[in-house]
Amino acid sequence: MKLLDGIYTRRSVRQFTEEPVSDEQVKEIIKAGMWAPSGLNNQPWRFAVVKSDEAREGLAGLTKYGKVIKGAPVSIAVFVDREAMYNDVKDHQSMGACLQNMLLAAHALGLGAVWLGEILNNAEKVRELIGLPETLELMAVIAIGHPARSDQKSSRKDMSEVLLKEI
Ligand SMILES: Cc1cc2nc3c(=O)[nH]c(=O)nc-3n(C[C@H](O)[C@H](O)[C@H](O)COP(=O)(O)O)c2cc1C
């Protein structure tokens, strides 16, 4: 898949088939996240793979998008390590780049994925459920699976609304 095609054809996928996602695919998605740029190359991202029925059930109970998590064979909780951080804004920007790389990697592998942010309302409970220390701050959960459909529509503003100036 060409990079620009991947960027333009990626959609948030919230319905999945029951086909499992292989460990190799999960590792490839994490690897893509790890290859995001970060300030000082500090790589503040940390990952937790959630795939057992029990853990998925628990995670699903912590967001109003629980149906998406339950329907996905695997989810990856993505954390920033506060001990690895050096600048709030820049480290959070790095985390966004990491998450976007993961979504694009899932798409390139023929999988579907969605970035779940609403679950941050229960960030502490997610951390406790997974059994991680307080130094890890949840950034998002990505639900991943084989897409049950491929007709998702999305749109963007016209460039004239966002391109402020060419000077
Ligand atoms: C920071 C962030 C938080 C998001 N949170 C959620 C969420 O909690 N639930 C959800 O279904 N989608 C969530 N999304 C996905 C957006 O709804 C989606 O990216 C947007 O509507 C554009 O659709 P597209 O990704 O298909 O182009 C989130 C995306 C981002 C970047």
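What comes next concerns the included structure. Computed from a predicted structure; not experimentally measured. Chains are numbered independently. Their residues run from 1 in the order of the written sequence. Thresholds applied to this predicted model are a pLDDT of at least 70 for local features of residues and 80 or more for the giving and counting of side-chain atom pairs; totals over whole chains, interfaces and linings are not thresholded and use all residues. Side-chain figures throughout are based on the complete set of non-hydrogen atoms in the structure, without hydrogens or water.

**Overview of the pattern of salt bridges**
1) Next: One side-chain nitrogen of Lys or Arg within 4 Å of one carboxyl oxygen of Asp or Glu is enough to make a salt bridge. As enumerated under the stated definition, the model contains eight salt bridges in all.
2) Next: Two residues, Asp81 and Arg46, come together in a salt bridge whose shortest N-O distance is 3.2 Å. Here Asp81 is found in strand 2 (residues 74-81), whereas its partner Arg46 is found in strand 1 (residues 45-50), with 35 residues between them in sequence.
3) Next: Across the pair Arg56 and Asp53 runs a salt bridge whose closest N-O atoms are separated by 2.8 Å. The helix count covers DSSP runs of H or I at least four residues long, the strand count covers runs of E at least two residues long, and both are numbered beginning at the N terminus.

**So, the layout of surface pockets**
1) Next: As a volume, the largest pocket reaches approximately 240 Å³.
2) Next: Around the largest pocket, the lining residues are Ile7, Tyr8, Arg10, Arg11, Ser12, Arg14, Gln100, Gln152, Lys153, Ser154, Ser155 and Arg156.
3) Next: Residues were grouped as follows: Ala, Val, Leu, Ile, Met, Phe, Trp, Tyr, Cys and Pro as nonpolar; Asp, Glu, Lys and Arg as charged; and all remaining residues, including Gly, as polar. Of the residues that constitute the lining of the largest pocket, the class distribution is two nonpolar, five polar and five charged. With a 1 Å grid laid over protein atoms only, a set of points is called a cavity when a 1.4 Å probe fits there but cannot get out and a pocket when it is open yet has protein on both sides within 12 Å along at least five of seven lines; lining residues have an atom within 4 Å of a point. Grid points are joined across faces, edges and corners, and a volume is the space filled by probe spheres set on the points.

**Quick notes on helix 3 (residues 53-60)**
1) Next: Each residue gets one of three labels from its accessible area relative to the maximum for its type: buried under 20%, exposed over 50%, partly exposed in between, using a 1.4 Å probe on protein chains only. Restricting attention to buried positions, one finds in helix 3 the residues Arg56, Leu59 and Ala60. For helix 3, the arc enclosing every buried residue in end-on projection is 100°, short of the 170-degree limit, so these residues lie on one face.
2) Next: Looking at the packing, one finds that the buried side of helix 3 touches strand 1, helix 4 (66-71), strand 2, helix 6 (123-130) and strand 4 (136-145). This arc is built from the directions going out from the helix axis to the C-beta atoms. By the convention used here, residues are in contact when the closest approach between their heavy atoms is within 4.5 Å.

**Re unusual backbone geometry**
1) Next: For Leu40, which is not glycine, the phi torsion reads 60° and is therefore positive.
2) Next: Mapped onto the elements, Leu40 comes out in the loop between helix 2 (23-34) and strand 1.
3) Next: Unlike most non-glycine residues, Gln43 shows phi in positive territory, near 45°.
4) Next: Relative to the helices and strands, Gln43 resides in the loop between helix 2 and strand 1.
5) Next: By relative accessible area, Gln43 is classed as partly exposed at 32%.

**Some words on the sheet that holds strand 2**
1) Next: DSSP bridges decide pairing: two strands pair if at least two such bridges lie between them. As summarised here, the arrangement of the four strands in space is 1-2-4-3, forming an open sheet in which the pairing is antiparallel. Looking at the sheet topology across the chains shown, the edges are occupied by strand 1 and strand 3 (112-116). Here the average twist between neighbouring strands, direction ignored, is 25°.
2) Next: Summarising the sheet, strand 3 and strand 4 pair through five bridges and their orientation is antiparallel. Note on strand 4: the bridge partner recorded for Trp115 is Ile142. Inter-axis angles, ranging from 0 to 180 degrees, are taken between N-to-C directions of lines fitted to C-alpha atoms, where helices are fitted over the stretch in contact.

**What to know about the site of the ligand**
1) Next: Any residue with a non-hydrogen atom lying within 4 Å of a molecule or strand is treated as near it. In the vicinity of the ligand, the contacting residues are Arg10, Arg11, Ser12, Arg14, Tyr65, Val114, Trp115, Leu116, Gly117, Glu118, Ser154 and Arg156.
2) Next: With respect to the ligand, the side chain of Arg14 contributes an N or O atom lying 2.7 Å from an oxygen atom.
3) Next: Per-residue and other accessible areas were derived by the Shrake-Rupley procedure at a 1.4 Å probe size, with only the shown protein chains allowed to occlude residues. Taken by itself the ligand offers 620 Å² of open surface, and the protein chains cover 64% of this. Identification of polar contacts relies on pairs of N or O atoms within 3.5 Å, with a donor-acceptor requirement for protein atoms, meaning one able to donate a hydrogen and the other able to accept it, and with residues adjacent in sequence counted only if both atoms are side-chain atoms.

**Some thoughts on helix 2**
What sets the pattern is the α-helix's 3.6 residues per turn: residues three or four places apart point alike.
1) Next: In this analysis, the expected span of each helix is defined as 1.5 Å times one less than the number of residues it contains. Here helix 2 contains twelve residues, and its C-alpha end-to-end distance of 16 Å stays within 8% of the 16 Å for a straight helix at 1.5 Å per residue.
2) Next: In this structure, the buried side of helix 2 is in contact with strand 1, strand 2, helix 5 (88-108) and strand 4.

**Considerations on the nonpolar core**
One recurring pattern in soluble globular proteins: nonpolar side chains tend to sit buried together.
1) Next: Only buried residues count toward a nonpolar core. Its members are Ala, Val, Leu, Ile, Met, Phe, Trp, Tyr and Cys residues joined through side-chain atoms within 4.5 Å. Ile29, Ile76, Val78, Met102, Ile142 and Ile144 are the most contacted members of the largest nonpolar core, which has 25 residues in total.
2) Next: Listing elements by their share of this core, those giving two or more residues are helix 2, strand 2, helix 5 and strand 4.
3) Next: Of all the elements, helix 5 adds the most residues to this core, at seven residues.
4) Next: When sequence neighbours within four positions are dropped, the list of residues in contact with Val78 reads Arg46, Phe47, Met95, Cys98, Leu99, Met102, Glu137, Leu138, Met139 and Ala140.
5) Next: Grouped together as the second largest cluster of nonpolar side chains are 21 residues, Leu62, Ile69, Leu116 and Leu138 included.

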